[in-house]
Amino acid sequence: MNGFSLTGQTALISGAAQGLGFAIAQGMAQAGARVLLHAREHTQAQSAASALQAFGMVEPLAFDLTDEGAAQAALAAHPEISILVNNAGQRDRRSLEALDASALRALLEVNLVAALTLARSAAGPMRARGYGRILNISSIAGQIARGDAAYTASKGGLDALTRALAAELGAHAITVNALAPGFFATETNAQMVDDAALGAWLARRTSLGRWGQPGEVAGAAVFLCSPSAGYITGQVLAVDGGYLAHF
């Protein structure tokens, strides 16, 4: 099982103060990685890191993802990063009539441009090391849609970016993959989780018939960032309880 160990690796996880990012941080710490837990505000990063200290080596790292200079400086200060998880994201559920170009640009800055910025900054030391793992947290919305144009477009772009980076960085033994979560019971989705009608629909629509729990995404993330996944790159793995497969 040593092939699934992250001992000796340093992982940066963006947007990890809560939700799926927090669960991934916990999973990677338990797998032996030193985890740099990112949030925009230091108090958020510190609080989340403190909550995970019992699981392994976890350190806070705060910067604004939309500030390219700040993001580059943060990664330049940590050239030891061998695992990058682009998890941070935003959502704008407004309809096409209510969505303007400025709103789309703002969402793309966090969901897509920031991922490119961090990947570019992390890739240099990874190339020099001859090893690296980049994991983008996409969504099933990258492959299917129910409206939600801005978010869907950003995740479709992130899936395409995953494939492009995999093609470009593979020669340096850097793998680039993505996870596509389905419906997860996170803090952000609390109101939706409490909606009985939505819960009943989800029970019919997914093969497993329920919401996913945040911890259920961590195993897939650890695997794709482990040595055992060394021949997997350019892939988007759905972690969705069978939503995409269920007719």
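Here, the structure is the one placed above.
Residues numbered from 1 in each chain as written. Predicted model: local features only at pLDDT ≥ 70, side-chain atom pairs only at ≥ 80, totals over all residues. Heavy atoms only, no water.

Things to note about the nonpolar core
Right, so step 1: Grouped together as the largest cluster of nonpolar side chains are 31 residues, with contacts concentrated most on Ile13, Ile24, Met28, Val35, Val85, Leu135 and Leu179.
Right, so step 2: Within the residue set of this core, elements represented by two or more residues are strand 1 (10-13), helix 1 (19-30), strand 2 (34-39), helix 2 (42-51), strand 4 (83-86), strand 5 (132-137) and helix 8 (218-224).
Right, so step 3: Once residues lying within four places of it in the same chain are set aside, the contact partners of isoleucine 13 are Gly21, Ile24, Ala25, Met28, Val35, Leu36, Leu37, His38, Val85 and Asn87.
Right, so step 4: One finds Phe63, Leu118, Ala122 and Leu158 within the second-largest nonpolar core, a separate group that totals 26 residues. (Core = buried A, V, L, I, M, F, W, Y, C linked by side-chain atoms within 4.5 Å. Buried < 20%, exposed > 50% of the residue type's maximum accessible area, 1.4 Å probe, protein only. Helix = DSSP H or I, 4+ residues; strand = E, 2+ residues; numbered from the N terminus. Contact = heavy atoms within 4.5 Å.)

Some words on the environment of valine 85
Right, so step 1: Tracing the chain through its elements places valine 85 in strand 4.
Right, so step 2: For the pair formed by valine 85 and alanine 178, sequence separation is 93 residues and the distance between their alpha carbons is 9.2 Å.
Right, so step 3: Once residues within four sequence positions are removed from consideration, valine 85 is found in contact with Leu12, Ile13, Ser14, Ile24, Met28, Leu135, Ile137 and Cys225.

Looking at unusual backbone geometry
Right, so step 1: Its identity as a non-glycine residue notwithstanding, aspartate 148 has a phi of 55°, on the positive side.
Right, so step 2: Position of aspartate 148 among the secondary structure elements: in the loop between strand 5 and helix 5 (149-169).
Right, so step 3: Residue aspartate 148 is classed as buried on the basis of its relative accessible area of 14%.
Right, so step 4: One non-glycine residue, alanine 173, lies in the positive phi region at around 60°.
Right, so step 5: You can see alanine 173 is positioned in the loop between helix 5 and strand 6 (174-181).

Remarks on the pairing of strand 1
On a regular strand, one side chain projects to one face of the sheet and the next to the other, so that they alternate.
Right, so step 1: Burial of strand 1 is two-sided: the residues Thr10 and Leu12 facing one way and the residues Ala11 and Ile13 facing the other way are all buried.
Right, so step 2: Direction of pairing for strand 1 relative to strand 2: parallel, over a ladder of four bridges. Note that in strand 2 the partner of leucine 12 across the bridge is leucine 36.
Right, so step 3: Traced from strand 1 through helix 1 to strand 2, the parallel crossover comes out right-handed.
Right, so step 4: Pairing geometry for strand 1 and strand 4, over three bridges, is parallel. Within strand 4, the position partnered with leucine 12 by the bridge is leucine 84. (Pairing = 2+ DSSP bridges. Right-handed = clockwise from strand over helix to strand, strands pointing away.)

So, the packing of helix 3 (residues 68-76) against helix 4 (residues 101-129)
Right, so step 1: Running from N to C, helix 3 and helix 4 point in directions that differ by 30°, and their axes come no closer than 9 Å. On the basis of the axis angle, helix 3 is roughly parallel to helix 4. The two elements helix 3 and helix 4 meet at a crossing, and its hand is right-handed. Contact residues: Glu68, Ala71, Gln72 and Leu75 in helix 3; Thr117, Leu118, Arg120, Ser121 and Ala122 in helix 4.
Right, so step 2: Residue composition of the contact of helix 3 with helix 4, by class: four nonpolar, three polar and two charged. (Axes fitted to C-alpha atoms, helices over the stretch in contact; angles between N-to-C directions. Parallel < 35°, antiparallel > 145°, perpendicular 65-115°, else oblique. Left-handed = near helix turned anticlockwise from the far one by under 90°. Nonpolar A, V, L, I, M, F, W, Y, C, P; charged D, E, K, R; others polar.)

Purely spatial values, then, with no claim about function.
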